[in-house]
Amino acid sequence: MQRRHLLTYIGAASGALALALFAGWWQVDGPGAPEPVAKRPLPLTEMDFRMTDQTGTAVGPESLLGNASMVFFGFTYCPDVCPTTLSDISSWLDDLGEDVAQLNVVFITIDPKRDTVAAMAEYVSYFHPAIQGWRGSRDQTMRAAEGFRASYEKVATGGGDYTMNHTASVFMFDAEGQFAGTIDYHEPREFAVPKIRRVLARTEEETS
Amino acid sequence: MKSPVAAVAIALSIFLGLPISSFAGSQDIVVEDAWARASIGKNRPGAAYMTVRNTGTDPVTILSLETPLAMMPDIHRTTTDANGVSSMAPAGEITIAPGEAVSLEPGGLHAMLMRLETPMVEGESFSLTLTFDDGGTVTVDVPILGIAARGPEG
Ligand SMILES: [Cu+2]
């Protein structure tokens, strides 16, 4: 009886394994593989995540509706890409002048372990005053990145230190939360500023 | 240091990072437009940028960096893939052909300053020594600009 039980168990286990392998193939390589079009960020209205901004206020994707938005990911322990992105954006915002009042600009940390709300507040204070710094729990950060179709990954640099690889593009949305294009990392000002102006113009049409 | 002209020449050579010692290739290395961003405290790594120009007739390879500011300085390269994901990794040895220059600038190569000994304070400066494959070294004084600086002019 004992042996018979064991055989049944092995049979069931190997059946389950085969099923799992088939399901994995279906989703990764087979007909169930995701379409490349899934790379487009969701509309803000379909995202769901909770974060805290640099002033300690609870925020989420709905906080961005009503104005055009620029959202990008990074972390404050980033020596090259992130300060470059924040200072590039600061100079674009300087070019926009008063129109900045119609724009949400949000820097979301993908390293919430080291980037506390206080750390984010201090960091963004060195750049254009319109730039907000959002921080969420690990889970909420993952949900946010999923919504924006952004990715990030921790990379060890030795001695317990680490850095983060991450999507460095800036995502733009109109006032209704519809995705309105990206600005690539380190894109020249002569391309970036007109892109932002177009999204602002579209927003004005929607709201007038 | 008899004439003011000589004093100015020495001061200028230190400022431009001209090597004081004489080695086959590295004596022809000139480092220009060095700058770095200020840091918040000393837990975060810093980055420094500059142009390294080879004015000589032999190729010269940068082997390593050294600075009293950071325990682990290294040259890194930032790359951004087709999906817009940026990453950085040690750049390895960098060879500069005769008459050519290598630019360390935001989004490309940077002198990554890991394990800071002291915070990088705006308005101060630090020395950075580049060691080359002929055994020669060049030491530059790197001015620390604001955190939001975009280039050697701020
Ligand atoms: Cu680096």
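Before any of the text, the structure's been laid out above.
Residues numbered from 1 in each chain as written. Chains lettered and ligands numbered in written order. Predicted model: local features only at pLDDT ≥ 70, side-chain atom pairs only at ≥ 80, totals over all residues. Heavy atoms only, no water.

Caption draft 1: Representation of the overall build of chain A within the structure. The helix and strand inventory of chain A stands at five helices and nine strands. Reading the helices (α) and strands (β) of chain A from amino to carboxyl end gives α-β-β-β-α-β-α-β-α-β-β-β-β-α. If you sum the accessible surface of chain A, you get close to 10,700 Å²; carbon and sulfur atoms cover 56% of it. (Helix = DSSP H or I, 4+ residues; strand = E, 2+ residues; numbered from the N terminus. Areas by Shrake-Rupley, 256 points an atom, 1.4 Å probe, with all protein chains shown as cover.)

Caption draft 2: Summary view of the side chain of B:Arg37. Position of B:Arg37 among the secondary structure elements: in strand E1 (residues 29-37). Buried B:Arg37, no salt bridge; nearest opposite-charge side chain is A:Asp80, N-O distance 4.8 Å. Looking at B:Arg37, its side chain comes within polar contact range of the main-chain oxygen of A:Pro79, at 3.2 Å. One polar contact links the side chain of B:Arg37 to the main-chain carbonyl oxygen of B:Ala149, over a distance of 3.2 Å. (Buried < 20%, exposed > 50% of the residue type's maximum accessible area, 1.4 Å probe, protein only. Lys, Arg positive; Asp, Glu negative; His and termini not counted. Salt bridge = Lys/Arg side-chain N within 4 Å of Asp/Glu carboxyl O. Polar contact = N/O pair within 3.5 Å; in protein donor to acceptor, adjacent residues only side chain to side chain.)

Caption draft 3: Quick peek at helix H4 (residues 138-148) of chain A. All names here are of chain A. Among the residues of H4, those classed as buried are Gln-140, Thr-141, Ala-144, Ala-145, Gly-147 and Phe-148. Buried residues along H4 cover an arc of 160° about the axis, so they all sit on one side. With respect to the buried face of H4, the exposed residues turned more than 90 degrees away are Arg-138, Asp-139 and Glu-146. Following H4 by one or two positions, Arg-149 has its phi on the positive side, about 60°. (Arc of directions from axis to C-beta.)

Caption draft 4: Looking closely at the interface of chain A and chain B. Across the contact, 30 residues belong to chain A and 27 residues belong to chain B. Summing the contributions of chain A and of chain B, the shared interface buries around 2,200 Å²; its carbon and sulfur component is 55%. When the area that chain A buries against chain B is broken down by residue, the three leading residues are A:Tyr77, A:Pro79 and A:Asp80, summing to 27%. For A:Asp161, the salt bridge is made with B:Arg115, and the minimal N-O distance between the two is 2.8 Å. Inspection of the region where chain A meets chain B yields 14 residue pairs in polar contact (both at pLDDT 80 or more). It is helix H2 (residues 81-96) of chain A that contributes the most residues to the side of chain A that touches chain B, six residues altogether. Split by residue class, the side of chain A that touches chain B holds ten nonpolar, 14 polar and six charged. (Contact = heavy atoms within 4.5 Å. Buried area = accessible area lost by both parts, 1.4 Å probe. Nonpolar A, V, L, I, M, F, W, Y, C, P; charged D, E, K, R; others polar.)

Caption draft 5: Layout of the coordination of the copper ion. Listed as protein donors to the copper ion are B:His76 (ND1), B:Met88 (SD), B:His110 (NE2) and B:Met112 (SD); their distances from the metal cover 2.1 to 2.3 Å. For the copper ion, the four donor atoms are set out with angles of 101 to 121° between them, so the coordination reads as tetrahedral. (Donors = N, O, S within 2.8 Å, 3.2 Å for Na, K, Ca; no water. Tetrahedral: all angles 85-135°; square planar, octahedral: opposite > 155°, others 65-115°.)

Caption draft 6: Local environment of the pairing of strand E4 (residues 70-80) of chain B. Residue and element names in this part refer to chain B. Bridge analysis of E4 against strand E8 (residues 109-116) gives seven bridges, and the strand direction is antiparallel. Counterpart to Ile-75 in the pairing with E8 is Ala-111. Inspection of the sheet shows E4 paired to strand E5 (residues 85-90) by five bridges, in the antiparallel sense. Bridge assignment links Thr-79 to a residue of E5, and that residue is Ser-87. The hairpin formed by E4 and E5 contains four residues between the paired strands, and Gly-84 there has a positive phi angle of roughly 85°. (Pairing = 2+ DSSP bridges.)

Caption draft 7: Spotlight on the nonpolar core. Among the nonpolar cores identified, the biggest contains 89 residues, and A:Ile131, A:Phe148, B:Met50 and B:Phe126 are the most heavily contacted of them. Per element, the largest residue contribution to this core is seven residues, and it comes from H2(A). Here B:Met50 is in contact with B:Val31, B:Glu32, B:Asp33, B:Ala34, B:Val102, B:Ser103, B:Leu104, B:Ala111, B:Leu128 and B:Leu130, once residues within four sequence places are set aside. (Core = buried A, V, L, I, M, F, W, Y, C linked by side-chain atoms within 4.5 Å.)

Caption draft 8: Representation of the state of the cysteines within the structure. Residue and element names in this part refer to chain A. In total, this model carries one disulfide over all chains according to the counting rule given. Paired by a disulfide, Cys-78 and Cys-82 hold their sulfur atoms 2.4 Å apart. Looking down the S-S bond of the Cys-78 and Cys-82 bridge, the torsion is 90°, so its handedness is right-handed. Of the two residues, Cys-78 and Cys-82, neither departs from the other in class, the shared state being buried. (Disulfide = S-S within 2.5 Å.)

Caption draft 9: Focus on the environment of A:Val124. Residue and element names in this part refer to chain A. Take Val-124: it is sitting in helix H3 (residues 117-124). Along the sequence, Val-124 and Thr-76 sit 48 residues apart, while their C-alpha atoms lie 9.2 Å from each other. Excluding residues that lie within four positions of it along the chain, Val-124 makes contacts with Gln-54, Phe-107, Ile-131, Gln-132 and Gly-133.

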